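So the chains spell out like this:
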Amino acid sequence: MSLARLKNRLLARAFTVFPSLAERWGRGLAADRGAIPWDSPRKPLREATLALVTTGGVHLKTQPPFDMTDPNGDPSFRELPVDTPQASLVITHVYYDHRDAEEDLNLIFPVERLRELVERGALGALNPLAFGLMGHIDGPHLGTLRKETAPAIARKLADAKVDYALLVPA
Amino acid sequence: MGLAARAVEAVGIPTISLSIVREITEKIPPPRALYLRFPFGHALGEPGNRDQQLTVLYLAFRLLFEADRPGTIRNAGLRWRRETYLPPDWEAFRRLGPGAHGAQ
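Throughout what follows, the structure given in this document is the object of discussion. Remember, predicted model here, so these are calculated numbers, not experimental data.

The next subject is the overall build of chain A. A tally of regular secondary structure across chain A gives five helices and seven strands. Moving toward the C terminus, one meets the helices and strands of chain A in the order α-α-β-β-β-β-α-α-β-β-α-β. At 17 Å, chain A has a C-alpha radius of gyration in line with the 15 Å of a compact globule built from 170 residues. With the C-alpha coordinates aligned to their principal axes, the bounding extent of chain A is approximately 50 × 40 × 30 Å. Residue burial in chain A is summarised as follows: out of 170 residues, 50% are buried. A total of about 8200 Å² of accessible surface is found on chain A, and carbon and sulfur atoms cover 55% of it. Taking the 21 positively charged and 21 negatively charged side chains of chain A as two groups, their mean positions are separated by 3 Å.

Have a look at this one:
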């Protein structure tokens, strides 16, 4: 393991144990004062199709991993069929401690719980495709996320006619 | 996260986001965020705690229907550990929807 990777892993563990570190980091970030879009929900949950989006670095083992060598992160996304067995998914993300999430992927990618909601009649349907991103996007990649990645995911969800989206961070 | 939620909302799909660091969420607020003071990598709680995970989802969907202004950040008020989580109330889940009587 390279020294940089080891440093990231130790930092990730420290952030997990001491939330105040993350809070301090958050206070230092630049604020986005742009207008926040808004659309009113119109359907009861039991009739709605929901799409799941995670920023926990989840992807299929057969897909290229997120690029961990770029200190500004990887602004690309992966399409994740929701019926993928958990054993075929992997987390590539060195900026948080994902040992627990590997044990129970629902912590950052709650497809099993959402499927339970569908079976119980609480949710109409789960969109067959979920979307995986990594958090920790910085520098020039923020522009890529804003102008390319996020709108591309939004278009795909609009084309799929989903009613709502749930976004889960890591 | 905030940027992704905003892009999805902008095409007419209402979004609900989970947040684990309020200070970060406040910098780029998504349309609606449920704040949980949980550690990184644990947005839905502890591994294997199904009741906790379903409680988080219930509170998130309630907020989807109850929030009335963009940038709402609601504190879920849940503790990470030492909290008693009841089994899911499926009837309450099935009542979730728009309007004053949707969520209780």
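Don't stop here, the text continues.
Helices and strands together make up the secondary structure of chain B, namely four helices and three strands. Ordering the α and β elements of chain B from the N terminus gives α-β-α-β-α-β-α. If you line up chain B on its principal axes, its C-alpha atoms span 35 × 35 × 20 Å. A total of 104 residues make up chain B; the buried ones form 61% of that total. A separation of at least 24 residues holds for 55% of the contacts in chain B among residues at least 6 apart in sequence. The centroid of the 14 positive side-chain charges in chain B is displaced by 3 Å from the centroid of its 10 negative side-chain charges.

Our focus in this paragraph is the pattern of salt bridges. Residue and element names in this part refer to chain B. The tally for this structure, following the rule as stated, stands at 15 salt bridges over all chains. A salt bridge links E66 to R62; the shortest N-O distance between them is 3.3 Å. Taken as a pair, E66 and R62 lie in helix 3 (residues 50–66) at a separation of four residues, close to a single helical turn. On the basis of relative accessibility, which here comes to 28%, the residue E66 falls in the partly exposed class.

It is at 10 Å that the axes of helix 4 (residues 111–119) of chain A and helix 3 of chain B come closest, and there the two elements cross at 70°. Our classification of the angle between helix 4 of chain A and helix 3 of chain B gives roughly perpendicular. Considering how the two elements wind past one another, helix 4 of chain A and helix 3 of chain B form a crossing that is right-handed. Listed contacts from helix 3 of chain B to A:R113, A:L114, A:E116 and A:L117 of helix 4 of chain A are B:R50, B:Q53, B:L54, B:L57 and B:F61. Of the residues that constitute the contact of helix 4 of chain A with helix 3 of chain B, the class distribution is five nonpolar, one polar and three charged.

It is worth spelling out the interface of chain B and chain A at this point. At the interface, 58 residues of chain B touch 63 residues of chain A. Here chain B and chain A share an interface that buries about 5300 Å² over both sides, 70% of which is from carbon and sulfur atoms. Ranking the residues of chain B by area buried against chain A places B:L3, B:K27 and B:F40 at the top, with a combined share of 14%. Linking chain B with chain A are one salt bridge, by the criterion used here. For A:E116, the salt bridge identified is with B:R50, shortest N-O distance 2.4 Å. For the interface between chain B and chain A, the tally reads 17 residue pairs in polar contact (both at pLDDT 80 or more). The set of elements that each furnish at least two residues to the side of chain B that touches chain A consists of helix 1 (2–10), strand 1 (15–19), helix 2 (22–27), strand 2 (32–35), helix 3 and helix 4 (90–94) of chain B. The dominant element in the side of chain B that touches chain A, judged by the number of residues it contributes, is helix 1 of chain B, at eight residues. Its residues assigned to classes, the side of chain B that touches chain A comprises 36 nonpolar, eleven polar and eleven charged.

Cut-off values and rules
Residues numbered from 1 in each chain as written. Chains lettered and ligands numbered in written order. Predicted model: local features only at pLDDT ≥ 70, side-chain atom pairs only at ≥ 80, totals over all residues. Heavy atoms only, no water. Helix = DSSP H or I, 4+ residues; strand = E, 2+ residues; numbered from the N terminus. Rg over C-alpha atoms; globule rule 2.2 N^0.38 Å. Buried < 20%, exposed > 50% of the residue type's maximum accessible area, 1.4 Å probe, protein only. Areas by Shrake-Rupley, 256 points an atom, 1.4 Å probe, with all protein chains shown as cover. Lys, Arg positive; Asp, Glu negative; His and termini not counted. Charge placed at Lys NZ, Arg CZ, Asp CG, Glu CD. Contact = heavy atoms within 4.5 Å. Salt bridge = Lys/Arg side-chain N within 4 Å of Asp/Glu carboxyl O. Axes fitted to C-alpha atoms, helices over the stretch in contact; angles between N-to-C directions. Parallel < 35°, antiparallel > 145°, perpendicular 65-115°, else oblique. Left-handed = near helix turned anticlockwise from the far one by under 90°. Nonpolar A, V, L, I, M, F, W, Y, C, P; charged D, E, K, R; others polar. Buried area = accessible area lost by both parts, 1.4 Å probe. Polar contact = N/O pair within 3.5 Å; in protein donor to acceptor, adjacent residues only side chain to side chain.

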